[in-house]
Each structure stands twice: as C-alpha cells, then as structure tokens.
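So the chains spell out like this:
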Amino acid sequence: MGSAARRIAPRPAVLAAVATLLLGASVLWSWPSAAAPAAPVNAMATHFDGLGAPYGGCGLPQDVLDSPDFVALNVYNTPGDYSFYPRPLPPSQADKIGLWDNGRNCGRFVQVSIGDYCTGVNDGAPGQPFCRNGSWVADGYDGAQLTMVVADSCGDANAWCRDDTGHLDLSTASLNRFVKNGAPVGDMNPAHWNNRRISWSFVPAPAYTGDLKFGFLQGAQRYWTAIAVSHLPDGIHGLEYLDVDGTWRPAQPDSDMGQAFIIGPTATAGTSYAVRVRDAHDALVNGGRVYRFSLPDQCLSGCAAAYTAVGYTTDTGSTTPTTTPSPTTTTTPTSPTTTTSTPPAGAACTATAAVTGTWNGGHQLQITVRNTGTVPAQGWTTAFSFAGTQRVTSSWNAVPTQTGQQVRATNESYNGTLGIGASTTWGAVVTGDAQPLAGMSCTAR
C-alpha cells in the first residue's frame, strides 16, 4: 500500500509573509545539527506520488531535482506523540527534531537497500503496531538498491512519520527502479511492497560533476529575494551572502525548505548578489567559492515562475571570473542545424555516451567530450541519432537541438575551451527507452 503521509509546501502567496515572520523571530540554523544518524539506519519505507505544488519540502519543483528518484524524511522525532508542532522546530525543542533536521538534510543523497516483506497489516495507523497479524519474510527483492535525493518532508500525524524515526517516504515511480544483480527489479510494486523494511545511509552525490545551480523562487523581487540552491555535492547546511557593508552574513532559511534562503544585495536597493554555501558537514563548498548573479529583468516586479534559473560568475582567486551555467531546455528547430566553420588544423575531439539512469518511460544520458587534437579546442559540437522516437526534454552543460531522430549539441560558453587531452561532460533527460545511439561524432574548433 502507499503512504498516508502528505506534505504541503508553502504557497507563493504566503512566502513573503512567512519570510517576514521568520526574519522577525530570527529563526536561524545557529545550533548544532540534531540529526546525524549512525549508518546504516534500519527502518521501514512508504511511498508517495510526487512533490507538492509548486515546491517540495526542500524548496525545489520536482523538475529541478538532480534525480527522478527522491525521498522524504521525518520532520519530527516524537514516537507516540502525534501532536502538531510549528516548523521549523526551535532549539528549545531540539529533542523533537527528526531526520529532516529542519530542512538541513535537504539535497543530500541516500543509498537505500530493500529488506523484508510484511505478510500482515502494515498501514501506519496511529498507536498500532507495524506489520500486525503477520510477520517479516525475506524474498527475492531483499538487497535491491537505489540512490535517491532528499527532496521532501514527512510530518503527518501517523505512525510512519512519528513512531518509525528512521522512516523514508520514497517516490512511487522509483520503487520498480531499484536494482539487483545489475537490473531493475521491475515489479516489486504493488504486489510485493506492503511498506517493506529498508536500511539506508547518507552518501555523497553520485558521479558528481559541474557546479552549484541557483534559481529565484516565485514572488522573488528586489525587496524579497528568495533563492534555491541545487546540484549540491553533499547537501547544504547554510548559505551566506555578502552584505552592503562587505560583511558575510548568514542567510535566513525560507521556513524549513532546506535549499531555499532569503538573501540581500551587495549594494543598497541593488539587484546583484554574492553568496557562498556550506555543505552538510558545515564546510564551505569548493573552498569558499563565491557565486555572483543578478535578479533577472522578468523578476524585478516578482518572479512569475515557480523557479527562474540564473547563470552566475565565480570568484576563483584570480582577477578573471569564471562563467558558470543555468539549466537549459531543448528547443526543436524547424530545419536541421549545420556547421559552417572550418576547424583549425590539429583540432579534433571524440564523444562517448553512457546511460546513467533509467526509469519507466525515460532515461538519462551523459556524453563525454575529449580533446584528442594537437591544439586546445575553442569549442565543440557533438551529434548522434536516436534509434526510435526518443526526445531530449532537458539538458545541462550543452545547448542541444533535435530534428527528428538527430540531435546536435554545442558547448556552453563556460566549457568550450578544452586543453589537449582535457575532457568535459554534458547530460540530458530523455523520454523513451535507452537504446544504442547511432552516428556519434564530435567536431572541435
């Protein structure tokens, strides 16, 4: 059976009021983390169909997540107590803080392993035993694993969210993507689910490449600047912004949406910002790298979209800032794209593709581009053809176009220059089954 848990993310109309209230109360993450579980955590799992609208509990829309496989963590640690408590929980109620940790475990990845099946009633009814009138049995699904990102919270008054302190609520679509012996299990849900036992541990972001991503939240504007941080190498425990007086100040979390913060500009009434981020171990990300960006013109009177991605530059210790990306969305041209430039002598590259994730109805590709020439490449273009009706729906680190089955992708401004022997990657989410790609090529310039 599915989860009875239901999470409600703050709605855009009340975000500013919530932020004002919290700023007045000065509810900051200024005390030590209350949730640092030993590994592995042994618990049970339920499932839910998707994040709230427009955001999940971490402050991100579902289509911005780093993975299609996501989980919710328990807000409260109150076994036997199903009362409501305001969020975020203050230091005076630290004993009631669950593994959600007031949002501070948002954006972290967990590796989940499937355990035994319950033959009885396992419905999470308040005050009732788990798996009553039955027993736990091992079967062929035990040991299947999947790595998932923390994107939501479970705070409802049921036994799952209160009595089972290590409980995970898993995305329903992920259940049959758990992998055992190198292949997805395929049919664990619904007939072989019944809210199984699991074990899980926090892990670093798998195969992490690239850099952080930033986006403005719905309603963000000059005097209420709410942003979300994603594509994290190891979660986020805080964000600091450079104030008008040149001082680094801790940003106020937006309620307990752990990847969302309220920041201030670098100049009075300005629209330019500089931030740095601390990870789940309170270390500055990328050695304290400073990310600089501005409020987009379409947000000057308030961002209309749930999430408005923004590009940025970084301070890397030199006088030249490095430009870094915002996510890109594929567009389909009316005619094929052609390359008219002539590559310089000695310029060459190769492209190789790998499937890095699959799910029912889609998959994720990663293309590795390597400079195999005798001179540095100043740009590159990759091309390939799908075997069927697959479509690129989103991408990162390249600008793809698709005509029919053919896909061409050119570098972004920040990753076109490749030294001799250097490589970079770009990725895409694709609808349709993963099949071998035809005609893979790379052109350097």
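Read on for an overview of the structure. (Residues numbered from 1 in each chain as written. Predicted model: local features only at pLDDT ≥ 70, side-chain atom pairs only at ≥ 80, totals over all residues. Heavy atoms only, no water.)

**Points about the overall build of the protein chain**
The secondary structure content of the protein chain amounts to two helices and 29 strands. Within the protein chain, the proportion of its 445 residues that are buried is 50%. Within the protein chain, counting contacts between residues at least 6 apart in sequence, those at least 24 apart form 71% of the total. Here the protein chain displays about 18500 Å² of accessible surface, and carbon together with sulfur accounts for 53% of that area. (Helix = DSSP H or I, 4+ residues; strand = E, 2+ residues; numbered from the N terminus. Buried < 20%, exposed > 50% of the residue type's maximum accessible area, 1.4 Å probe, protein only. Contact = heavy atoms within 4.5 Å. Areas by Shrake-Rupley, 256 points an atom, 1.4 Å probe, with all protein chains shown as cover.)

**Section: the state of the cysteines**
Applying the stated criterion across every chain yields a total of five disulfides. Here C118 connects covalently by a disulfide to C131, the sulfurs 2.1 Å from one another. Handedness of the C118-C131 disulfide follows from its S-S torsion of about 105 degrees: it is right-handed. Of this pair, C118 sits in strand 4 (residues 117-118) while C131 sits in the loop between strand 4 and strand 5 (136-137), placing them 13 residues apart in sequence. Among the residues examined, C118 registers a relative accessible area of 0% and is labelled buried. For C131, a relative accessible area of 6% gives the class buried. (Disulfide = S-S within 2.5 Å.)

**Digging into the environment of V71**
Inspection of the secondary structure assignment puts V71 in strand 2 (residues 70-74). On the accessibility criterion, V71 (0% relative accessible area) is buried. For V71 and T46, which are 25 residues apart along the polypeptide, the C-alpha to C-alpha distance reads 9.7 Å. With residues near it in sequence (within four places) discarded, V71 still touches V110, M148, V149, V150, A151, D152, D169 and L170.

**Details of the pattern of salt bridges**
Scanning the entire structure with this criterion turns up 13 salt bridges. We note a salt bridge from R289 to D211, for which the minimum N-O separation is 2.7 Å. Separated by 78 residues along the polypeptide, R289 in the loop between strand 17 (272-278) and strand 18 (290-294) and D211 in the loop between strand 10 (197-203) and strand 11 (213-217) bring together distant segments of the chain. D211 gets classed as buried once you look at its relative accessible area, which sits at 11%. Between D245 and R249 there is a salt bridge, with the nearest N and O atoms lying 2.7 Å from each other. The class of R249 is partly exposed, set by a relative accessible area of 30%. (Salt bridge = Lys/Arg side-chain N within 4 Å of Asp/Glu carboxyl O.)

**Thoughts on the sheet that holds strand 26 (residues 398-403)**
With respect to topology, four strands assemble into an open sheet ordered 26-27-24-29, the strand pairing being antiparallel. A single partner strand is all that each edge strand has here, and the edge strands are strand 26 and strand 29 (438-444). Strand-to-strand twist of the sheet, defined as the mean angle between neighbouring strand axes without regard to direction, takes the value 15 degrees. Pairing of strand 26 with strand 27 (residues 406-411), which is carried by six bridges, proceeds in the antiparallel orientation. (Pairing = 2+ DSSP bridges. Axes fitted to C-alpha atoms, helices over the stretch in contact; angles between N-to-C directions.)

**Re the nonpolar core**
Of all hydrophobic cores here, the largest spans 32 residues; its most connected members are V110, L170, F178 and W200. The set of elements that each furnish at least two residues to this core consists of strand 1 (41-48), strand 2, strand 3 (109-114), strand 6 (145-154), strand 7 (168-171) and strand 10. Aside from chain neighbours lying at most four places away, what touches F178 is V112, I114, A144, Q145, L146, M148, L170, A183, P184, V185 and M188. If you look at the next biggest cluster of nonpolar residues, it comprises 24 residues, including A220, Y241, F261 and I263. (Core = buried A, V, L, I, M, F, W, Y, C linked by side-chain atoms within 4.5 Å.)

**Points about unusual backbone geometry**
With an omega dihedral of 0 degrees, the bond running from A53 to P54 counts as a cis peptide bond. Between N189 and P190 the backbone carries a cis peptide bond, its omega angle lying at 10 degrees. Relative to the helices and strands, P190 is located in the loop between strand 9 (183-184) and strand 10. At D282, a residue that is not glycine, the phi angle is positive and equals roughly 65 degrees. With respect to the helices and strands, D282 occurs in the loop between strand 17 and strand 18.

**Here's the deal with the packing of aromatic side chains**
Considering all chains together, one arrives at twelve aromatic pairs under this definition. Relative to Y291, the ring of F214 lies with its centre 5.3 Å away and its plane at 50 degrees, an arrangement referred to as tilted. With F214 in strand 11 and Y291 in strand 18, this pair connects stretches of sequence that are 77 residues apart. Here F214 and Y291 have matching classes, each one buried. The lysine or arginine in question, R108, covers the ring of F202, its NZ or CZ lying 3.9 Å from the ring centre. (Phe/Tyr/Trp six-rings, centres within 6.5 Å; stacked < 30°, edge-to-face > 60°. Lys NZ or Arg CZ within 6 Å of the ring centre and 35° of its normal.)

**What to know about empty space enclosed by the protein**
What the rule picks out here adds up to three cavities of 30 Å³ or more. By volume, the largest cavity amounts to about 80 Å³. Around the largest cavity, the lining residues are L60, L65, D66, G107, F109, V149, V150, S230, H231, L232 and Q259. Tallied by class, residues from the lining of the largest cavity come to six nonpolar, four polar and one charged. (1 Å grid on protein atoms, 1.4 Å probe; cavity = no way out; pocket = protein on both sides within 12 Å on 5 of 7 lines; lining within 4 Å. Points joined across faces, edges and corners; volume = space filled by probe spheres on them. Nonpolar A, V, L, I, M, F, W, Y, C, P; charged D, E, K, R; others polar.)

**Points about the pairing of strand 12 (residues 225-230)**
Across the six residues that make up strand 12, a large majority, six, are buried. Of the two faces of strand 12, both are covered, the one formed by T225, I227 and V229 as well as the one formed by A226, A228 and S230.

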